[in-house]
Amino acid sequence: MKKLVKKIAVVTATFFVVAASGPVFAAVGDQGVDWSRYNGYQGNFGYSTDKFSISQVGGFNKNGLYWQDEYSSQVQSTLSQGKRAHTYIWWESVTDYSTAKYVLDAMLAKVTAPKGSIVALDAESGIQSTDVTMWALKYIEDHGYTPLLYGYKSYLVQNFFLDTIVQSYGLWMAGYGYNTVKSTPDYNDFPSYENIKIWQFTSNYVPGGLDGNVDLSGITDNGYGGQVSPSNTLPFEGRSLEQLASDVQAGKFGKGEQLKKALGDYYIGVTAIVNEREKKVTANESHGTLANQVQKGIYGVSPDRPRLLGTYTNEVQDRVNADAYKGMQVAQTYTVRSGDSLSSIASRLGTTVQSLASMNGISNPNLIYAGQTLNY
């Protein structure tokens, strides 16, 4: 799940006491990082404003069970800085219940982040079973942690009946456009789907490579002061976009720049509804406009959208889902060139070092050769 351009020196773990102030509670929009062994024993945050980390404890791949020795030290390092520590498990080709139980019993016994915190299944390669993964997410929940399914949108929709999973469990989804350094999310690249709780919006959070994430729901507070529920209030005293459109038609917010300023982020969506009512656009065009805004994250996470979108909810979500399926990619190969590193290849292909290493059976990410064919 990690990108790295140079080998990180292994340092002796130094243990701290948790900061007296305790972890800072989550808010929608908090940013944080995720780590694997390539980030060393202490991990590395991108910015002082980061509020959480998600560390790999280990996982299961074609070679069987494996561990990340740096995990417990990364958790302790995070907590010592007053930030929130969470956990993920590599989840590759776990297709029967006995193997799922074997993997989870081993992994959950090693989790040192607090009960209630996130334990995510990282699905990026191999064969997947929706039923077994659903069982595994429930198993995590039954053991007192917050379950999430992680992956890139194209992989998840190709390898799971994802609509079934998101009815019960949230997603931590990765997706980004042109992979330049991004210190904040670019919502033009948002990989829209139902029930996305955390968005990994870049693997170049800082120069040199680091995964950056944004909490879209407040879920990273779980385990650190209580679970966060969707907001019960909306702008404009809770009116939906349809109600705001009626207000616009009645002249309540004025016209031109005055109207744009009054409605803010909702101006485009409300205008689309007004135009449809006044026969200036078709319903299909209106739904497309609203779907585009959903994909940019303007209407928040899925529990809030029906209150905003009203009777447009189902049609708009159909458009969002259709766009997601259009964006699916088939498996491809890349031939290593002279001067390539696994990190530079991952950055070029929009994937991660760990995903490439796992998919291609590479035990040492620093050892690749020109002419080698990589699956991605």
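Residues numbered from 1 in each chain as written. Predicted model: local features only at pLDDT ≥ 70, side-chain atom pairs only at ≥ 80, totals over all residues. Heavy atoms only, no water.

1. Thoughts on the overall build of the protein chain
Where we set the bar: The secondary structure listing takes helices from DSSP runs of H or I that are at least 4 residues long and strands from runs of E that are at least 2 residues long, numbered from the N terminus. For each residue, the accessible area found with a 1.4 Å probe, counting protein chains only, is set against the maximum for its type, and the residue is called buried under 20%, exposed over 50%, and partly exposed in between. Whether two residues are in contact is decided by their heavy atoms: any pair within 4.5 Å suffices. To be clear on the numbers: accessible area is Shrake-Rupley with a 1.4 Å probe, and residue cover counts the displayed protein chains and nothing else.
Assigned secondary structure in the protein chain consists of 14 helices and 11 strands. Looking at the protein chain as a whole, 54% of its 376 residues are labelled buried. At a minimum sequence separation of 6, the contacts of the protein chain that also span at least 24 residues come to 71%. As displayed, the protein chain has an accessible area near 16,600 Å², and 51% of this comes from carbon and sulfur atoms.

2. Quick word on the pattern of salt bridges
Inclusion rule: For this analysis, a salt bridge means a side-chain nitrogen from Lys or Arg found within 4 Å of a carboxyl oxygen belonging to Asp or Glu.
Counting across every chain of the model gives six salt bridges. For Asp142, the salt bridge identified is with Lys138, shortest N-O distance 2.8 Å. Taken together, the residues Asp142 and Lys138, both in helix H3 (residues 130-142) and four residues apart, mark about one turn of the helix. Here the salt bridges do not stand alone but share partners, grouping Asp30, Lys51 and Arg84 into one network.

3. Observations concerning the packing of helix H7 (residues 241-249) against helix H9 (residues 267-277)
Selection rule: Axis lines are fitted through C-alpha atoms, for helices just across the contact stretch, and the angle between N-to-C directions can take any value from 0 to 180 degrees. For this classification, under 35 degrees means roughly parallel, over 145 means roughly antiparallel, 65 to 115 means roughly perpendicular, and everything else is oblique. Take the far helix as the reference: if the near one is turned anticlockwise from it by less than a right angle, the crossing is left-handed, and if turned clockwise, right-handed.
Remark: H7 packs on H9, axes separated minimally by 9 Å, with the N-to-C direction vectors making an angle of 65°. Relative to H9, H7 is oriented roughly perpendicular. With respect to the hand of their crossing, H7 and H9 are arranged in right-handed fashion. Here Leu241, Glu242, Leu244, Ala245, Ser246, Val248 and Gln249 of H7 come into contact with H9, specifically with Val270, Ile273, Val274 and Arg277.

4. Looking at the packing of aromatic side chains
Our working rule: Two aromatic rings from Phe, Tyr or Trp, using only the six-membered ring of Trp, form a pair when their centres are within 6.5 Å; if the ring planes differ by under 30 degrees the pair is stacked, by over 60 it is edge-to-face, and anything between is tilted. Both a distance and an angle decide whether a charge sits over a ring: NZ of Lys or CZ of Arg must be within 6 Å of the ring centre and within 35 degrees of the ring normal.
Taken as a whole, this structure holds 13 aromatic pairs when the rule is applied. Both rings, one in Trp35 and one in Phe45, keep their centres 5.0 Å apart while their planes meet at 65°; by these two values the pair is edge-to-face. Here Trp35 is found in strand S1 (residues 31-35), whereas its partner Phe45 is found in the loop between S1 and strand S2 (52-61), with 10 residues between them in sequence. For Phe45, a relative accessible area of 19% corresponds to the buried category. Taken together, the ring pairs in this structure connect Tyr47, Tyr187, Phe190, Trp199, Phe201 and Tyr205 into an aromatic cluster. Of note, Lys83 hangs over the ring of Phe45, and the distance from its end group to the ring centre comes to 5.0 Å. The ring of Trp67 is capped by Lys110, whose NZ or CZ atom sits 5.6 Å from the centre of that ring.

5. Notes on the confidence of the model for the protein chain
Selection rule: Residue-level confidence of the predictor is what pLDDT reports, using numbers from 0 through 100.
The predicted model of the protein chain has a mean per-residue pLDDT of 83, with 86% of residues at 70 or higher. Within the protein chain, helix H6 (residues 235-238) has the poorest average pLDDT of any element, 66, and strand S5 (residues 118-122) the best, 98. Overall, residues 227-233 carries pLDDT values under 50, and its contacts beyond four positions in sequence, including any with other chains, amount to 11 contacts. Confidence drops under pLDDT 50 across residues 327-331; counting only partners more than four residues distant or on other chains, this segment forms eight contacts.

6. Observations regarding the nonpolar core
What counts is decided by this rule: Working definition of a nonpolar core: buried Ala, Val, Leu, Ile, Met, Phe, Trp, Tyr and Cys residues. They are joined through side-chain atoms within 4.5 Å.
With 51 residues, the main nonpolar core has Leu104, Leu121, Leu149 and Leu162 as its most contacted residues. It is H3 that contributes the most residues to this core, six residues altogether. For Leu162, the residues in contact, after removing those within four places along its chain, are Leu149, Leu156, Val157, Leu171, Met173 and Tyr193. The next biggest cluster of nonpolar side chains, apart from the first, holds 20 residues, and it includes Ala245, Ile273, Val274 and Leu290.

7. Details of helix H10 (residues 283-295)
Worth spelling out the cut-off: For a helix, the expected span equals 1.5 Å multiplied by the residue count minus one.
The terminal C-alpha atoms of H10 lie 18 Å apart, and with 13 residues this matches the ideal 18 Å at 1.5 Å per residue to within 8%. Buried residues of H10: Ser286, His287, Gly288, Leu290, Ala291, Gln293, Val294 and Gln295, and no others.

8. So, the packing of helix H2 (residues 97-108) against H3
Defined as follows: As a working rule, the residues Ala, Val, Leu, Ile, Met, Phe, Trp, Tyr, Cys and Pro are called nonpolar, Asp, Glu, Lys and Arg charged, and the rest polar, with Gly in that last group.
Two elements in contact, H2 and H3, have axes whose closest approach is 10 Å; the angle formed by their N-to-C orientations is 30°. As far as their axial angle goes, H3 and H2 are roughly parallel. Where H2 crosses over H3, the two elements pack in a sense that is right-handed. Note on element contacts: H3 touches H2 through Asp131, Val132, Trp135, Ala136, Tyr139 and Ile140, opposite Tyr97, Ala100, Lys101, Leu104, Asp105 and Leu108. Class assignment of the residues belonging to the contact of H2 with H3 gives a composition of nine nonpolar, no polar and three charged.

9. Examining the environment of Ile127
Within the fold, Ile127 resides in the loop between S5 and H3. A C-alpha to C-alpha distance of 9.7 Å links Ile127 and Trp91, two positions 36 residues apart in sequence. Not counting chain neighbours up to four residues away, the residues in contact with Ile127 comprise Glu92, Ser93, Val94 and Thr95.

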